[in-house]
Amino acid sequence: MLLSGACAVFGGADSPRCSDTAAPGVNACVVVVPDPRPGDLRLAEDADVLPADYVAPDAHTTMRDVAYGDAPAQKLDLYLPAQPSAPVVMYLHSGGWVGGERAPVPSMALRFVERGYAVVSVGYRLAPEHPFPASVEDVKRALRWLRVYSQEEGLIDGDRIVVFGTSAGGHLASIVAATPGRFEPTDLTASEAQFESTVSGVVSAVGPTDLVAFYESPHPWAKGLTEALLGCDPCESEQLVEASLFGYLDGDLPPAYWVYGEDDDLVDSVSQGAAAASAWAENSDASSSWYDSVAECGHNIECDTRNQRSLEQFVDRAVGSGP
């Protein structure tokens, strides 16, 4: 555990600045991502953003509707670069746990293909038909499937996977990263059972982390979405806590990157974002917690408003490809 005022700086002196005031009531230090410099990072060395109209180029190879389980929702799409043994960005879609699709993949995730990563967009079973933790179990099954696939085909590196989710997918990504050994699928194949569900890093973009606070939010969607996820009406505190991140920050946590809009009225950037970043740093010895607070943005964060360069730097370092 980090002591008061200590910093979990991941990656050296050129990392973004560190602050010990990321969230009220939590005495831990997180790496605070600086505001992005204007310009197109594809063309200018001193820019940090992609343009608002950025479209990721086509992958070298695209494989769609690949089954990783028997349920109809248990399918994934692979976007592969030309080179084999590519590190993986596993993308989990948004949709309030009750909807959403594997495609299209947001540009800030699909961008990694042109940087030599495989991007894998994972479908998962949806609430209310499949309440928590079914979706978490699905992601962990997909992680094992990818490791078997890596061993058999050699196109991806199953030892270097960053799980990246937006909104509901961000919630799932953080829970998956924090709970190896919990919420595991029980009907694994022999090949899948030889692998674990650990990840090299996690990225949560506007993901709920504290469902107790989310359930009490005045936003008209929050209560209904939470009840659908958990299969309860009303929901008891024990159920809300079980599906919240904060009860699981007691293990070997991987590096984490959090990006939230300061004006988000659905997923509050302080109670859901900054608090999670601080708690993650407080409970981790060797990893880091990077927090990107995007000014004048709500629940939808666009290309030209958040620091893509810092995100890419974080993922590179998480998989061991960066300085």
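Owing to the predicted nature of the structure, the values given are computational and were not obtained by experimental measurement.

1. Describing the state of the cysteines
Part 1 of the argument: A complete count under the given rule lists one disulfide for this structure.
Part 2 of the argument: Two residues, Cys 232 and Cys 235, share a disulfide whose sulfurs are 2.0 Å apart. Between Cys 232 and Cys 235 the sulfur-sulfur dihedral comes to about 85 degrees; the bridge is accordingly right-handed. Summarising the burial analysis for this pair, Cys 232 and Cys 235 share the class buried.

2. Considerations on unusual backbone geometry
Note: most residues except glycine have negative phi, and most peptide bonds are trans.
Part 1 of the argument: Geometrically, the link from Ala 103 to Pro 104 is a cis peptide bond, its omega value of 0 degrees lying close to zero.
Part 2 of the argument: Looking at where Pro 104 falls in the secondary structure, it is placed in the loop between β5 (86–92) and α1 (107–110).
Part 3 of the argument: Residue Ala 127 is joined to Pro 128 through a cis peptide bond whose omega torsion reads 0 degrees.
Part 4 of the argument: With respect to the secondary-structure elements, Pro 128 resides in the loop between β6 (118–122) and α2 (134–153).
Part 5 of the argument: Of note, Asp 65 is a non-glycine position whose phi angle comes to about 60 degrees, a positive value.

3. Regarding a negative patch on the surface
Part 1 of the argument: Taken together, the side chains of Asp 35, Glu 262, Asp 263, Asp 265 and Glu 296 present a region of like negative charge at the surface.
Part 2 of the argument: Among the structural elements, Asp 265 can be located in the loop between β9 (256–261) and α8 (269–282).

4. Some thoughts on the pattern of salt bridges
Part 1 of the argument: A full pass over the atoms with the stated rule returns 17 salt bridges.
Part 2 of the argument: In this structure, the salt-bridge partner of Arg 111 is Glu 114, at a minimum N-O distance of 3.4 Å.
Part 3 of the argument: You can call Arg 111 buried: its relative accessible area is 7%.
Part 4 of the argument: Relative accessible area serves as the criterion here: at 40%, Glu 114 is assigned to the partly exposed category.
Part 5 of the argument: With a closest N to O distance of 2.7 Å, Arg 115 and Asp 316 form a salt bridge. Note that Arg 115 is positioned in the loop between α1 and β6 and Asp 316 in helix α9 (residues 308–318), a separation of 201 residues in sequence.

Conventions and cut-offs
Residues numbered from 1 in each chain as written. Predicted model: local features only at pLDDT ≥ 70, side-chain atom pairs only at ≥ 80, totals over all residues. Heavy atoms only, no water. Disulfide = S-S within 2.5 Å. Buried < 20%, exposed > 50% of the residue type's maximum accessible area, 1.4 Å probe, protein only. Helix = DSSP H or I, 4+ residues; strand = E, 2+ residues; numbered from the N terminus. Patch = residues over 30% accessible without salt bridge, like charges linked within 9 Å, V, L, I, M, F, W, Y side chains within 5 Å. Areas by Shrake-Rupley, 256 points an atom, 1.4 Å probe, with all protein chains shown as cover. Salt bridge = Lys/Arg side-chain N within 4 Å of Asp/Glu carboxyl O. Lys, Arg positive; Asp, Glu negative; His and termini not counted. Charge placed at Lys NZ, Arg CZ, Asp CG, Glu CD.

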